[in-house]
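Chain residues, written in single-letter form:
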Amino acid sequence: MILSLYLIKKFFNALLVCGVIGYAIFFIFSLIGNLGEKLSFNSILYLSALNSFQIFTFIPSHLYILSFCLIIMHLKSKNELIIIKEYIELKKLLLIIFPILILFAFVEIKKDSFSAHIEKMKTNFSNSKNFENRKIFISTNGNKSKYSIFSKVDSKNEMINQYLEFDVENKNIKRGVVSNSLKIQNNNLFSNESIIYENNNFRYEFLNKRLFDDFTNIWSTNAEKIIKNNENNKYSNYKIFQSILFHSFFYLCISMIFLSKKLVKRNINIIKVFSLILLIFLYHLLIPKIMVNNFYFFFQSLSLIVFILIFFKNKKYE
Amino acid sequence: MVGIARSYIIYNYFKYILIILLVFIGLIWLSQIIRIIEFQYSISNQILEIAGTTLLALPSFINPLVPFLILIGSFMLNSKIKNSSEIIILKQYLSYEKLRILFQLLILLIFLIFTLNNEIISKNFYEKYKIKELEIRNNLKLGTPAQKEFHIDDIVSIFFTKKIDNTFYDIEAIIYGQNQFIVSNSVEIELSKSNFNLVFLDGERLTLNDNQKSKTIFDKFTYVLESKNYEELLMDKDHYNTFELISHPEKEFRNHGHNKIFQYFFLIVVGLISLKIIFFYVNKMNNLSRFSFIFFVILLAQILNSYLIYLLDNAQKFSIVYYYIFNFTLLLAIYFLARKILK
């Protein structure tokens, strides 16, 4: 138990050191980049601070790898790694780091949302109007598709200024709605008046009409700008499940490499280990970004299998 | 023996600096790639192009970070030789006096590499980077073929089923500013002399804005992207070396030139401190707090320098003389403070 606590304490110390150093480096990098902006110095500092956080959200796994690297170097230099490996078996070691691993896997899954939130904060702060203030919901069903576009002109005000809706059927525009008089009541979006195109006619509608249910929640929880709901639940559940497994196995593989017997040896080839970690890291970074038109599920499943195989291969030699 | 020990220090000093440099510049590079990809909703077939382009900007990213990387490198080297007790042996055989020339040569070497990168390498690579970056932007190479979406800033979104070269097929498009929705067989991106046109063929268009409410069927409809002119190559500060910046007609560029001059002195001071760090040893004492303090002082100095540059650019009364007086006083204070801490 003492050894477990010692390891966790060491890991969080290493995480703190890596986090602070990384943040400082990214901060200076962002600060110098932002100096040319026509903003007050305080604003530049604030934007640089946000930028630095955003870099962390782009690649959170680097913190895990660098922290592990630091802790292993430290343990090895004091010959503590041999003692730890002697007294704690790999399963227990993995169990100790499991909460940290879960934390990082959670951050990985949520990183796009965190990054989008920071981007939103930056946009709100610099008062710039951009794509962030618009969300498009697309639903398709056979030959039918529906586009619901919500625009927020004033980014500081949480109110939606314009609602547009277009319905397409068999490559023909069947219906169109525009409303500039909107209000949110009990999280639902209502329009007071709207112009509707339907059956080749334009008409005004002065009715208090519910446009979107649970709008506030959907707006705040969906970080993406384009939300497609033609993906069925089975598909999205699979995506989440696949994503959890993918990130968890990535972190497990990295942990396995750092905690392997090989690293205890004095004459270990560091370049070989470094190259392996770098390859896994790049693989983990790039694979979720690659979208293939066909066999997407197979492609993603294969990438998961690769990590599972790496994990079991390393486990076998322990 | 002394010669081997010297080589050992030099080798490890550069090894750690190089590792830290590769790690952080690598991370910045990756974050830049991901940033561009995410902003443009694009990936896959352009990734190598973006990676290649952002790679060209790396030399200019290195310069402001070098002092910090040197500091971290020397912290690591100190930690290594302290933990393996090599520092005691080294201190026994090599006094600071014996190492003075070696230290001076080391600083000179780092200074030369920094100057070479600052004045020649980063400038040349940055020029190439900007040209490549503009090529990507102007040719609208960024898109999302796999997600079957193509977005041009906050102006147009095109959803398609097939894309061949610059033509998208079976499309549904939204033109945001004009509240237009278009369904057509194809749309081609046409590059005219000064801007971009979207040529829609065989389709229908619904407009729902304040000035116009209409639905039209068309054989050909051309939408001119008026606000999307060819981006011209603007010469920014990284296009120039220090001498060119100092003699530039614009005030901001001249100020940046003075900042570059200050960075040379900053590097020398940090280099001198880093050499003190390598051989810092107090028995049974954790150096982390001392090193952290030095790191934060150096970080603060760089932030203060950024503030002074900001004042130079924006405040009328703050002259270049004040800038140098303040900064050099600060550098001297930091150097003597670090010497005291590392005694």
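Just so you know, these numbers come straight off a predicted model, no measurement behind them.

**Observations regarding the overall build of chain B**
Next up, step 1: Secondary structure assignment for chain B yields eight helices and seven strands.
Next up, step 2: Across the 343 residues in chain B, those meeting the buried criterion constitute 31%.
Next up, step 3: Put simply, of all contacts in chain B between residues at least 6 apart along the chain, 61% involve residues at least 24 apart.

**Overview of the overall build of chain A**
Next up, step 1: If you tally the helices and strands in chain A, you get nine helices and eight strands.
Next up, step 2: Counting over 318 residues, chain A shows a buried share of 29%.

**Some points on the environment of Ser 247 of chain B**
Next up, step 1: With respect to the helices and strands, the residue Ser 247 of chain B is situated in the loop between helix 5 (242-246) and helix 6 (251-278).
Next up, step 2: Sequence-wise, Ser 247 of chain B and Arg 290 of chain B are 43 residues apart; in three dimensions their C-alpha atoms are separated by 41 Å.

**Things to note about the nonpolar core**
Next up, step 1: Ranked by size, the top nonpolar core spans 93 residues in total, and within it Ile 25, Ile 28, Cys 253 and Ile 254 of chain A together with Leu 65 and Leu 69 of chain B carry the most contacts.
Next up, step 2: It is helix 2 (residues 47-83) of chain B that provides the largest number of residues to this core, a total of 15 residues.
Next up, step 3: With residues near it in sequence (within four places) discarded, Leu 69 of chain B still touches Ile 17, Ile 20, Leu 21 and Phe 24 of chain B.
Next up, step 4: One finds Leu 182, Phe 212 and Phe 215 of chain A together with Val 183 of chain B within the second-largest nonpolar core, a separate group that totals 35 residues.

**Some thoughts on the domain arrangement of chain B**
When the parts come together, some accessible area is lost, and that loss is often what is quoted as the size of the interface.
Next up, step 1: Looking at the assigned domains, one finds that chain B contains domain 1 (2-138 + 234-341) and domain 2 (154-225).
Next up, step 2: Using C-alpha coordinates to define each centre, domain 1 of chain B is positioned 49 Å away from domain 2 of chain B.

**Here we look at the interface of chain B and chain A**
Next up, step 1: Across the contact, 38 residues belong to chain B and 38 residues belong to chain A.
Next up, step 2: For the side of chain B that touches chain A, the element with the most residues is helix 1 (residues 2-39) of chain B, which contributes eight residues.
Next up, step 3: Residue classes in the side of chain B that touches chain A are distributed as 23 nonpolar, eight polar and seven charged.

**A look at the packing of helix 7 (residues 288-314) of chain B against helix 8 (residues 320-341) of chain B**
All names here are of chain B.
Next up, step 1: Where helix 7 contacts helix 8, the axes come no closer than 11 Å and their chain directions differ by 180 degrees. One finds that helix 7 runs roughly antiparallel with respect to helix 8. Contacts between helix 7 and helix 8 pair Arg 290, Phe 293, Ile 294, Val 297, Ile 298, Ala 301, Leu 304, Asn 305, Leu 308 and Leu 312 from the former with Ile 320, Tyr 323, Phe 326, Asn 327, Leu 330, Ile 334, Leu 337, Ala 338 and Ile 341 from the latter.
Next up, step 2: The residue makeup of the contact of helix 7 with helix 8, split by class, is 16 nonpolar, two polar and one charged.

**Focus: the packing of helix 1 (residues 2-34) of chain A against helix 2 of chain B**
Next up, step 1: Running from N to C, helix 1 of chain A and helix 2 of chain B cross one another at 155 degrees; their axes reach a closest spacing of 9 Å. Between helix 1 of chain A and helix 2 of chain B, the angle falls in the class roughly antiparallel. Judged by the sense of rotation from one axis to the other, the crossing of helix 1 of chain A with helix 2 of chain B is right-handed. Across from Ile 21, Ala 24, Ile 25, Ile 28, Phe 29 and Ile 32 of chain A in helix 1 of chain A, the residues of helix 2 of chain B making contact are Phe 61, Pro 64, Leu 65, Phe 68 and Ile 72 of chain B.
Next up, step 2: By residue class, the composition of the contact of helix 1 of chain A with helix 2 of chain B is eleven nonpolar, no polar and no charged.

**Focus on helix 2 (residues 41-58) of chain A**
Next up, step 1: A rise of 1.5 Å per residue sets the reference length of helix 2 of chain A, with its 18 residues, at 26 Å; its end C-alpha atoms lie 25 Å apart and thus fit the reference within 8%.
Next up, step 2: All buried positions along helix 2 of chain A are accounted for by Ile 44, Leu 47, Ser 48, Asn 51, Ser 52, Gln 54, Ile 55, Phe 56, Thr 57 and Phe 58 of chain A.

**Side note on the confidence of the model for chain B**
All names here are of chain B.
Next up, step 1: On average, chain B scores 81 in pLDDT, and the residues at 70 or more come to 85%.
Next up, step 2: Mean pLDDT values over the elements of chain B span from 74, in helix 3 (residues 86-93), up to 91, in helix 8.
Next up, step 3: Across residues 40-44, where pLDDT falls below 50, the model places 16 contacts with residues more than four positions away in sequence or in other chains.
Next up, step 4: We note a pTM of 0.74 for the whole complex and an ipTM of 0.73 for its interfaces.

**A word on the pairing of strand 3 (residues 162-169) of chain A**
Residue and element names in this part refer to chain A.
Next up, step 1: As judged from the eight bridges shared by strand 2 (residues 144-151) and strand 3, these two strands associate in the antiparallel manner. Along strand 3, the bridge assignment pairs Lys 144 with Glu 169.
Next up, step 2: Two elements, strand 3 and strand 4 (residues 172-185), share seven bridges in a ladder whose sense is antiparallel. Looking across to strand 4, one finds that Val 168 is bridged to Ile 173.
Next up, step 3: Once strand 3 ends, the chain turns through two residues before running back antiparallel as strand 4, passing Asn 170 with a positive phi of about 50 degrees.

**Description of the domain arrangement of chain A**
Next up, step 1: Segmentation of chain A into domains returns domain 1 (2-127 + 233-316) and domain 2 (133-228).
Next up, step 2: Once you take the C-alpha centre of each, domain 1 of chain A and domain 2 of chain A turn out to be 39 Å apart.

**Topic: unusual backbone geometry**
Next up, step 1: The backbone of Lys 171 of chain A sits at a positive phi, close to 65 degrees, despite the residue not being glycine.
Next up, step 2: Residue Asp 170 of chain B is not a glycine yet carries a positive backbone phi of 55 degrees.

**Considering the environment of Ser 184 of chain B**
Residue and element names in this part refer to chain B.
Next up, step 1: Note that Ser 184 resides in strand 5 (residues 180-191).
Next up, step 2: A count of 24 C-beta atoms within 10 Å places Ser 184 in the buried class.
Next up, step 3: Sequence separation between Ser 184 and Arg 339 is 155 residues, and the spatial gap between their C-alpha atoms is 73 Å.
Next up, step 4: Among residues more than four places away in sequence, those in contact with Ser 184 are Ile 171, Phe 200, Leu 201, Asp 202 and Gly 203.

Cut-offs and rules
Per chain, residues are indexed from 1 in the order of the written sequence. For naming, the first written chain is A and the first written ligand is 1, with later ones following in the order written. It should be noted that, the model being predicted, local features are given only for residues of pLDDT at least 70 and side-chain atom pairs only at 80 or more, the latter also being counted only at that level, while totals for whole chains, interfaces and linings use all residues. Counting from the N terminus, the helices are DSSP H or I runs at least four residues long and the strands are E runs at least two residues long. Around each residue's C-beta, the other C-beta atoms within 10 Å are counted; 20 or more make the residue buried, 12 or fewer make it exposed, and counts in between make it partly exposed. All C-beta atoms are placed from the backbone. Note that contacts rest on C-beta atoms placed from the backbone: two residues are in contact if these are within 7 Å. In this description, a nonpolar core means buried residues of the types Ala, Val, Leu, Ile, Met, Phe, Trp, Tyr and Cys, linked to one another by C-beta atoms lying within 7 Å. For each domain, the first and last residues come from an automatic or database assignment. Polar here means any residue other than Ala, Val, Leu, Ile, Met, Phe, Trp, Tyr, Cys and Pro, which are nonpolar, and Asp, Glu, Lys and Arg, which are charged; Gly is therefore polar. For every element, the axis is a line fit to its C-alpha atoms; helices are fit only across the contacting stretch, and the angle between N-to-C directions ranges from 0 to 180 degrees. Any angle between 65 and 115 degrees counts as roughly perpendicular, while under 35 counts as roughly parallel, over 145 as roughly antiparallel, and the rest as oblique. We call a crossing left-handed when the near helix sits turned anticlockwise from the far one by less than a right angle, and right-handed when that turn is clockwise. An expected span of 1.5 Å times one less than the residue number is assigned to each helix. Each residue carries a pLDDT value, the predictor's own confidence for that position, ranging from 0 to 100. Strands pair, by our definition, only if DSSP identifies at least two bridges between them.

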